[in-house]
Amino acid sequence: MASAKHQQRRMLQACLFFSSLTLSLWVLANDLATTSELGGSHSVAVIEQSGAYNSAMIVQHGNGNASLIDQSGVLNEAGVDQYGNGNTAYTLQEGALHEASILQHGQYHDALIIQQGVGQSASIQQTGIGGSATLLQQASSQIPASITQYSRGHMRVQVIQQ
């Protein structure tokens, strides 16, 4: 018998083959994960959860977008909204009571949020072309961090909280 994560991956692969309008909903062990691809193709959305009462949502409009949300712990929330083409977003949460959001408008943006500890809050907003943003939160600083990036080419921003 296949593991739950293996079954989730197989379900995601099957959904990607059916059409450009994909709506998948998984509810496992009090966790909630929702992915939606609207009006585009060749995009990938993956949500992995372990723990309890985590919630995650990925919404994609456009072509060639990729998103990953990986949550382990309790009461974590994460969301990714992608509008455009060729954007990538990664959110990794370990611990409890984290909040993370990534909003991408435009093309070829890269965003990464890593949260470890308790009670972190982070957001990245990118507009334009070719932005790159990394936000790392460790320990339990409980000081919100935010990056707002308007890019017309290769621009990189990093914020580290320890």
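First, a word on what this report is: a plain description of the structure on this page.

## Brief notes about the overall build of the protein chain
So, step 1. For the protein chain, the count of helices and strands is 1 helix and 11 strands.
So, step 2. Ordered by position from the N terminus, the helices and strands of the protein chain form the series α-β-β-β-β-β-β-β-β-β-β-β.
So, step 3. Within the protein chain, the proportion of its 162 residues that are buried is 41%.
So, step 4. Per element, the accessible surface of the protein chain, about 8,300 Å² overall, is 59% carbon and sulfur.

## Describing the nonpolar core
So, step 1. The biggest cluster of nonpolar side chains holds 18 residues, and the ones touching the most others in it are I58, I69, V80, I102, I113, I124 and L135.
So, step 2. Every element with two or more residues in this core is listed here: strand 3 (44-52), strand 4 (55-61), strand 6 (77-85), strand 8 (99-107), strand 9 (110-118), strand 10 (121-137) and strand 11 (145-161).
So, step 3. Ranked by residue count, the leading element in this core is strand 10, at 4 residues.

## Some words on the environment of I47
So, step 1. Along the polypeptide, I47 turns up in strand 3.
So, step 2. C-alpha separation for the pair I47 and S67, spaced 20 residues apart in sequence, amounts to 8.3 Å.

## Some thoughts on the environment of Y90
So, step 1. Within the secondary structure layout, Y90 lies in strand 7 (residues 88-96).
So, step 2. The spatial distance from the C-alpha of Y90 to the C-alpha of A66 is 8.5 Å, given a sequence separation of 24 residues.

## A short note on a nonpolar patch on the surface
So, step 1. A contiguous nonpolar surface patch, about 430 Å² in accessible area, is contributed by Y53, V74, L75, L97 and V118.
So, step 2. By relative accessible area, V74 is classed as partly exposed at 36%.

## Quick look at unusual backbone geometry
So, step 1. For L75, which is not glycine, the phi dihedral falls at a positive 60°.
So, step 2. Within the secondary structure, L75 is located in the loop between strand 5 (66-74) and strand 6.
So, step 3. By relative accessible area, L75 is classed as partly exposed at 43%.
So, step 4. Even without glycine at this site, L97 takes up a positive phi of about 60°.
So, step 5. Assignment of secondary structure puts L97 in the loop between strand 7 and strand 8.

Cut-offs applied
One numbering rule holds for all chains: residues counted from 1, following each sequence as written. Note on the predicted model: pLDDT of at least 70 is required for a residue's local features to be given, and 80 or more for side-chain atom pairs to be given and counted; whole-chain, interface and lining totals, by contrast, use all residues. For the side-chain quantities, the full set of heavy atoms in the structure was used; hydrogens and water were omitted. Put simply, DSSP H or I for four residues or longer makes a helix, DSSP E for two residues or longer makes a strand, and each gets a number counted from the N terminus. The buried label applies to any residue whose accessible area, calculated with a 1.4 Å probe on protein chains only, is under 20% of its type's maximum; exposed applies above 50%, and partly exposed to all values in between. Where accessible areas are quoted, they stem from the Shrake-Rupley method and a 1.4 Å probe; at the residue level, only the protein chains shown are allowed to cover. Take the buried Ala, Val, Leu, Ile, Met, Phe, Trp, Tyr and Cys residues and link them wherever side-chain atoms come within 4.5 Å; each set so joined is a nonpolar core. For patch building, the residue pool is restricted to those with more than 30% relative accessible area and no salt bridge; the joining distance is 9 Å between like charges and 5 Å between nonpolar side chains (Val, Leu, Ile, Met, Phe, Trp, Tyr). Salt bridges are defined by distance alone: a side-chain nitrogen of Lys or Arg within 4 Å of a carboxyl oxygen of Asp or Glu.

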